[in-house]
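For reference, the chains in residue letters:
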Amino acid sequence: MSIEPDPATGLPRLRLANLPTPCTEAPVLAARIGLEALLVKREDLSGPALGGNKLRQIDFFLAAALAAGADTVVTTAASQSNFCRALAGACAVAGLGCHLMLRRAGGTALQGNLLLDVVFGATVHWTDQTDPWSLSVCEELGAILDGLRAAGRKPHLIQLPGETAALAVAGWVSGAAELHAQLGADEPDAIVLACGSGLTCAGLALGFKTLGRRTRVVGISVQQPAARLRPWILEAAGRASALLGTATHLGEADFDLLDGYVGPGYGRPSEASVAAVRLVGAQAGLVLDPVYTGKAFAALADLAAGGTLGRRVVFLHSGGAPALFVHADAFRT
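Residues numbered from 1 in each chain as written. Predicted model: local features only at pLDDT ≥ 70, side-chain atom pairs only at ≥ 80, totals over all residues. Heavy atoms only, no water.

1. So, the sheet that holds strand β5 (residues 72–78)
Here comes step 1: Across the sheet, which stays open at both edges, the four strands sit in the order β7-β6-β5-β8 with parallel pairing between neighbours. Each edge of the open sheet carries a strand with a single partner, namely β7 (123–127) and β8 (155–157). Between one strand and the next, the sheet's axes are offset by a mean angle of 25 degrees, whatever the strand orientation.
Here comes step 2: The sheet contact formed by strand β6 (residues 97–103) and β7 spans five bridges and is parallel. Residue pairing across strands places Met101 opposite His125, the latter belonging to β7. (Pairing = 2+ DSSP bridges. Helix = DSSP H or I, 4+ residues; strand = E, 2+ residues; numbered from the N terminus. Axes fitted to C-alpha atoms, helices over the stretch in contact; angles between N-to-C directions.)

If you want it as structure tokens, here you go:
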């Protein structure tokens, strides 16, 4: 494990993620949904703590934390957050303490990602806040940081809806360069992915635009209305452009963002997402979850049927398998 410059961005990163992740064909599934070709970018195979798309961002976050002399990181998200689970596991590998402030509204049962947070040694704090952008969230995080400093620790804050956003986007500018190299001269019509914080989408779109790749980035919101998420994606991408010193800037026309697949709400399965998990499992042997990747694939299948995606598509499999087991009741027949 070492800190070294990222070849795509020049920023320091910790080599925890197993990169490059595979980009594999799913011909049976492609035929089933009416595509000529379907490629799956396997972020679920990215490394420790059951992988996921956040690990390549966490490489950058932990490099920054270690450079700042931190011995502990602090972050916040939903109680079944894939990001928090991946961060807790990465901190275990890096020898850092991990404090997670989790939203109680997502459930407190010790299962899925929350169970893994505990297994990976994270300290869990609870909040009754439900809006990740609320100023009250910052105040509660500040109290945790103050408590850690009073105890002699050196904490480092990681907040995706805050200052950490630019670095998170940069992590997926790097991911876009990796995928660009894998695809070579092949120019798929679109890449489809689930969007929670929207930062993976921002990085992919900014990276593809910088590289001149025409593949359309199609984000499927699993949480926020597009009217709220789109400006945030543009703002975070702008911060990343400044961080990277690039003249490329993301505009509204550079990506699509759909919010019609949130279903009954964030962290809750929909009939379409459950059907998508079943379909992908039965036709490709891949494990999706019904609250993130399942919703994204449900959208992909609908768009493919409607002929609006083109004939060659990439699906970003962002991981999230632990959530499947949390929602086992949704699969009872």
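2. Concerning the nonpolar core
Here comes step 1: Grouped together as the largest cluster of nonpolar side chains are 65 residues, with contacts concentrated most on Ile58, Leu62, Val73, Leu87, Leu204 and Val217.
Here comes step 2: A per-element tally of this core places helix α6 (residues 165–183) first, with 10 residues.
Here comes step 3: Among all residues touching Val217, those that are not within four sequence positions of it are Ile191, Leu193, Cys201, Leu204, Ala205, Phe208, Phe255 and Asp256.
Here comes step 4: Among the nonpolar cores identified, the runner-up in size contains 37 residues, and Ala30, Ala194, Val218 and Tyr292 belong to it. (Core = buried A, V, L, I, M, F, W, Y, C linked by side-chain atoms within 4.5 Å. Buried < 20%, exposed > 50% of the residue type's maximum accessible area, 1.4 Å probe, protein only. Contact = heavy atoms within 4.5 Å.)

3. Examining the pairing of strand β10 (residues 216–221)
Here comes step 1: With five of its six residues buried, β10 lies for the most part within the structure.
Here comes step 2: By the bridge criterion, six bridges tie strand β9 (residues 190–195) to β10 in an arrangement that is parallel. Pairing of Leu193 across the sheet is with Gly219, part of β10.
Here comes step 3: In this view, the connection linking β9 to its parallel neighbour β10 by way of helix α7 (residues 199–211) has right-handed handedness.
Here comes step 4: Where β10 meets strand β11 (residues 256–258), three bridges bridge the pair, whose relative direction is parallel. Its bridge partner lying in β11, Gly219 is registered against Leu257.
Here comes step 5: Running through helix α8 (residues 226–244), the crossover from β10 to the neighbouring parallel element β11 is right-handed. (Right-handed = clockwise from strand over helix to strand, strands pointing away.)

4. Regarding the packing of aromatic side chains
Here comes step 1: Within the structure shown, the criterion is met by four aromatic pairs.
Here comes step 2: With centroids separated by 5.9 Å and ring planes inclined at 85 degrees, the aromatic side chains of Tyr266 and Tyr292 adopt a geometry described as edge-to-face. Taken together, the residues Tyr266 in the loop between β11 and α9 (271–284) and Tyr292 in the loop between α9 and α10 (293–305) connect sequence positions 26 residues apart.
Here comes step 3: Exposure remark for Tyr292: the relative accessible area of 16% places this residue in the buried category.
Here comes step 4: When the centroid spacing of 5.2 Å and the interplanar angle of 85 degrees are considered together, the rings of Phe297 and Phe315 count as edge-to-face. You can see Phe297 sitting in helix α10 and its partner Phe315 sitting in strand β12 (residues 312–317), a full 18 residues away along the chain.
Here comes step 5: On the basis of relative accessible area, Phe297 is assigned to the buried category, the value being 1%.
Here comes step 6: Across from the ring centre of Trp172, 4.6 Å away, lies the NZ or CZ of Arg56, which sits over that ring. (Phe/Tyr/Trp six-rings, centres within 6.5 Å; stacked < 30°, edge-to-face > 60°. Lys NZ or Arg CZ within 6 Å of the ring centre and 35° of its normal.)

5. Some thoughts on the layout of surface pockets
Here comes step 1: Of the pockets and cavities examined, the largest pocket occupies roughly 410 Å³.
Here comes step 2: For the largest pocket, the lining is made up of 20 residues, of which Ser79, Ala105, Gly106, Tyr266 and Gly267 are closest to its centre.
Here comes step 3: Partitioning the lining of the largest pocket into residue classes produces eight nonpolar, 10 polar and two charged.
Here comes step 4: Size it by volume and the second largest pocket reaches roughly 170 Å³.
Here comes step 5: Across the lining of the second largest pocket, the residue classes break down as six nonpolar, four polar and three charged. (1 Å grid on protein atoms, 1.4 Å probe; cavity = no way out; pocket = protein on both sides within 12 Å on 5 of 7 lines; lining within 4 Å. Points joined across faces, edges and corners; volume = space filled by probe spheres on them. Nonpolar A, V, L, I, M, F, W, Y, C, P; charged D, E, K, R; others polar.)

6. Things to note about the pattern of salt bridges
Here comes step 1: For the structure on display, the rule yields 19 salt bridges.
Here comes step 2: Note that Arg13 and Asp6 form a salt bridge whose closest N and O atoms lie 2.8 Å from each other.
Here comes step 3: Among the residues examined, Asp6 registers a relative accessible area of 3% and is labelled buried.
Here comes step 4: One continuous salt-bridge network, built from bridges that share partners, spans Lys41, Glu43, Arg56 and Glu178. (Salt bridge = Lys/Arg side-chain N within 4 Å of Asp/Glu carboxyl O.)

7. Some points on the pairing of β9
Here comes step 1: Within β9, six of the six residues are buried, which leaves the element mostly enclosed by the surrounding structure.
Here comes step 2: Going residue by residue along β9, you find Ala190, Val192 and Ala194 tucked away on one face and Ile191, Leu193 and Cys195 tucked away on the opposite face as well.

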